[in-house]
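An overview of the molecular structure
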Amino acid sequence: MELRNIKKLYYSIGQVSNMIELKQYVLRYWETEFPHLKPNKNSAGNRVYTPKDIENIKEIKKLLHEEKFTIKGARQHLKDLKSKSKVLDINRLSGMNVSTLKKIKNDIEDILTSIREFKKEL
């Protein structure tokens with residue numbers, strides 16, 4: 001029987017600890033230091049990590065262990081990246097073609113007109 005690499009939706013702290021090669025207490029400590037690292041808990045109260053959580057942990061580990069950031073520096077670096085990604089999203093929206101934006105504007109105006117007419121009927 002062939003074993004496949006199955007991706008799961010949730011992983012336990014023990015599984016994540018083995019995957020990332022960090023002690024469980026380190027993961028729990030990082031939760032207190034990095035605001036965006038907040039794994040959910042299951043009905044039994046155990047931490048459950050998503051693949052996104054695991055990617056965040058890998059990034060934190062890389063910053064701290066390979067790039068030699070301090071915890072404070074890594075926290076600030078991640079915060080700066082998040083701010084930068086918001087700017088990129090705004091730039092992506094501003095790159096929408098003009099006809100799409102005009103259609104959205106017209107649709108909003110139609111909705112507002114309908115609301116005004118409805119209010120007059122009351």
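These lines cover the structure that appears in this document, whether it is placed above or below.

Reading guide: rules and limits
- Residues numbered from 1 in each chain as written.
- Predicted model: local features only at pLDDT ≥ 70, side-chain atom pairs only at ≥ 80, totals over all residues.
- Heavy atoms only, no water.
- Phe/Tyr/Trp six-rings, centres within 6.5 Å; stacked < 30°, edge-to-face > 60°.
- Buried < 20%, exposed > 50% of the residue type's maximum accessible area, 1.4 Å probe, protein only.
- Pairing = 2+ DSSP bridges.
- Helix = DSSP H or I, 4+ residues; strand = E, 2+ residues; numbered from the N terminus.
- Contact = heavy atoms within 4.5 Å.
- Axes fitted to C-alpha atoms, helices over the stretch in contact; angles between N-to-C directions.
- Lys, Arg positive; Asp, Glu negative; His and termini not counted.
- Salt bridge = Lys/Arg side-chain N within 4 Å of Asp/Glu carboxyl O.

Overview of the packing of aromatic side chains
Using the criterion set out here, one finds 1 aromatic pair in the structure. Taking 6.5 Å as the distance between ring centres and 80° as the angle between the ring planes, the aromatic pair formed by Trp30 and Phe34 counts as edge-to-face. With respect to class, Trp30 is no different from Phe34; both count as buried.

Remarks on the sheet that holds strand 2 (residues 40-41)
Strand order in the open sheet formed by 3 strands is 1-3-2, with antiparallel pairing between adjacent strands. The sheet terminates laterally at strand 1 (11-12) and strand 2, the two strands that pair on one side only. Relative to strand 3 (residues 47-49), strand 1 runs antiparallel, the two sharing 2 bridges. When the sheet's bridge partners are listed, Ser12 is paired in strand 3 with Val48. Along the sheet face, helix 3 (residues 51-66) touches strand 1 and strand 3 and points at about 85° away from the line of strand 3.

Re unusual backbone geometry
A positive phi angle, close to 65°, is found at Glu21, a residue other than glycine. Topologically, Glu21 is positioned in the loop between helix 1 (13-20) and helix 2 (24-33).

Here's the deal with the side chain of Asn56
Along the chain, Asn56 falls in helix 3. A residue is classified by how much of its surface remains accessible, and Asn56, at 16% relative accessible area, is buried. In this view, Asn56 contacts His36 and Leu37; residues no more than four positions away in its chain are not counted.

Examining the side chain of Asp53
Assignment of secondary structure puts Asp53 in helix 3. Buried within the structure, Asp53 lacks any salt-bridge partner; Lys52 is the closest side chain of opposite charge, at an N-O distance of 8.3 Å. The contacts of Asp53, once residues within four sequence positions are left out, are Leu37, Pro39 and Val48.

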